[in-house]
Amino acid sequence: MIQTKSYQIDGINDAELDIKRDSKLEFKLTYDNAKEIRSIITVIPGLGEDGDAYYRSKLAQSIARDMDAAVITVNYFGVKSNPPEAKFSIDEIDELILKTVADSIGNPIPDDIKLTKMDSDEIWNYINEHLFNFIGMQKITGKLRLDFKLSIHMTLAPPNGEYQNFGLMAALDVINSVLYIKNNPPFKVSPSCKNGGGLLRSM
């Protein structure tokens, strides 16, 4: 019978940037408890449809059903870097760029407006009211070309204080989830793996 277990374990800190990690390492393990498991397969989601939890669950169940394998799907560090989980924010450089663009079209953003202090909804509301409406009127009156487009520079911030660091933390999360299951398997391991064959296989 196909089983799926959820895990939350301590993740490692970012030693490279000397940043303490606040979030847990989360992953799911799917396997058939009637089989002797010969290998561990990891599903590493990208930024497309394979990031969908339902799709990942069905894929893991299919692999576990058709092969003598346990399947790990990892919510690695920074995986939620797209909306709706990730939220738009503005840092100091984003704010400088946006204020420069606003100045260039004759509708400067006042100095007392601190976009870096706003949450995602406040940012969009302000940009819509202060810039998009202004641009629309300028196009109607012929002061801006009809094909004018405003360049907006913003930052997508993943939840739980996570960030992107060129995939290093993500890769370590995948490795650590596999090692955790290898050392704590809830399933029956094939004798061929116990006798020097190894549970970890490249597939």
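The structure presented is a predicted model; accordingly, all values stated were derived computationally and were not measured.

1. Remarks on the overall build of the protein chain
- Regarding its fold elements, the protein chain presents five helices and eight strands.
- Along the protein chain, helices and strands appear, N-terminal first, in the series β-β-β-β-α-β-β-α-α-β-α-β-α.
- Compactness check: the protein chain gives a C-alpha radius of gyration of 24 Å against a globular reference of 17 Å for 203 residues, more than 25% above the reference.
- Along the longest, intermediate and shortest principal axes, the C-alpha atoms of the protein chain span 80 × 35 × 25 Å.
- Within the protein chain, the proportion of its 203 residues that are buried is 36%.
- Look at the contacts in the protein chain between residues 6 or more apart in sequence, and 73% of them connect residues 24 or more apart.
- Total accessible area on the protein chain is roughly 12,300 Å²; 53% of this is exposed by carbon and sulfur atoms.

2. Digging into helix H2 (residues 92-104)
- Its 13 residues give H2 an end-to-end C-alpha distance of 18 Å, which sits within 8% of 18 Å, the value for a rise of 1.5 Å per residue.
- Along H2, the residues classified as buried are Asp94, Glu95, Leu98, Lys99, Val101 and Ala102. Projected onto a plane normal to the axis of H2, the buried residues spread over an arc of 160° and lie on a single side. For H2, the exposed residues set more than 90 degrees away from the buried face come down to Glu92, Ile93, Leu96 and Ser104.
- Its side-chain oxygen at 3.1 Å from the backbone nitrogen of Ile93, Asp91 defines the N-terminal cap of H2.

3. A closer look at helix H1 (residues 53-66)
- Taking 1.5 Å of rise per residue, the 14 residues of H1 would be expected to cover 20 Å, and the 20 Å separating its terminal C-alpha atoms lies within 8% of that figure.
- All buried positions along H1 are accounted for by Arg56, Ala60, Ile63 and Ala64. Taken around the axis of H1, the buried residues stretch over an arc of 95°, which confines them to a single face. Opposite the buried face of H1, at more than 90 degrees from it, the exposed residues are Tyr54 and Asp66.
- Tucked inside the fold, the buried residues of H1 contact strand S1 (2-10), strand S2 (24-32), strand S4 (39-43) and strand S5 (69-75).

4. Points about empty space enclosed by the protein
- Using the criterion set out here, one finds one cavity of 30 Å³ or more in the structure.
- Put simply, the largest cavity is a space of about 30 Å³.
- Every residue lining the largest cavity is listed: Phe77, Tyr163, Gln164, Asn165, Gly167, Leu168 and Ala170.

5. Description of the packing of aromatic side chains
- A full pass over the atoms with the stated rule returns six aromatic pairs.
- By the ring-pair criterion, three or more aromatic residues cluster together here, those being Tyr7, Phe27 and Tyr180.

6. A word on unusual backbone geometry
- You will see that Asn160, though not glycine, has its phi angle at about 65°, which is positive.
- Phi at Phe166 takes a positive value of approximately 65°, unusual for a residue other than glycine.
- Within the secondary structure layout, Phe166 lies in the loop between strand S7 (155-157) and helix H4 (168-183).
- When its relative accessible area of 89% is taken as the criterion, Phe166 is described as exposed.

7. What about the side chain of Thr73?
- Inspection of the secondary structure puts Thr73 in strand S5.
- Ignoring anything within four residues of it in the chain, the contact list for Thr73 reads Phe27, Lys28, Val43, Arg56 and Ala60.

8. Description of the sheet that holds S4
- Taken in spatial order, the four strands of this open sheet run S1-S2-S5-S4, and their pairing is mixed. Among the strands making up the open sheet, the edge pair consists of S1 and S4. Averaged over all adjacent pairs, the angle separating strand axes in this sheet is 25°, with direction ignored.
- Here S4 pairs with S5 via five bridges, running parallel. Residue pairing in the sheet places Ile41 in a bridge with Val71 of S5.
- Sheet strands in contact with H1 are S1, S2, S4 and S5, and its direction is about 160° off that of S5.
- The strands touched by H4 within the sheet are S1, S2, S4 and S5, with S2 carrying the most contacts at an inclination of about 50°.

Reading the values: the criteria
Residues numbered from 1 in each chain as written. Predicted model: local features only at pLDDT ≥ 70, side-chain atom pairs only at ≥ 80, totals over all residues. Heavy atoms only, no water. Helix = DSSP H or I, 4+ residues; strand = E, 2+ residues; numbered from the N terminus. Rg over C-alpha atoms; globule rule 2.2 N^0.38 Å. Buried < 20%, exposed > 50% of the residue type's maximum accessible area, 1.4 Å probe, protein only. Contact = heavy atoms within 4.5 Å. Areas by Shrake-Rupley, 256 points an atom, 1.4 Å probe, with all protein chains shown as cover. Expected span 1.5 Å × (residues − 1). Arc of directions from axis to C-beta. Polar contact = N/O pair within 3.5 Å; in protein donor to acceptor, adjacent residues only side chain to side chain. 1 Å grid on protein atoms, 1.4 Å probe; cavity = no way out; pocket = protein on both sides within 12 Å on 5 of 7 lines; lining within 4 Å. Points joined across faces, edges and corners; volume = space filled by probe spheres on them. Phe/Tyr/Trp six-rings, centres within 6.5 Å; stacked < 30°, edge-to-face > 60°. Pairing = 2+ DSSP bridges. Axes fitted to C-alpha atoms, helices over the stretch in contact; angles between N-to-C directions.

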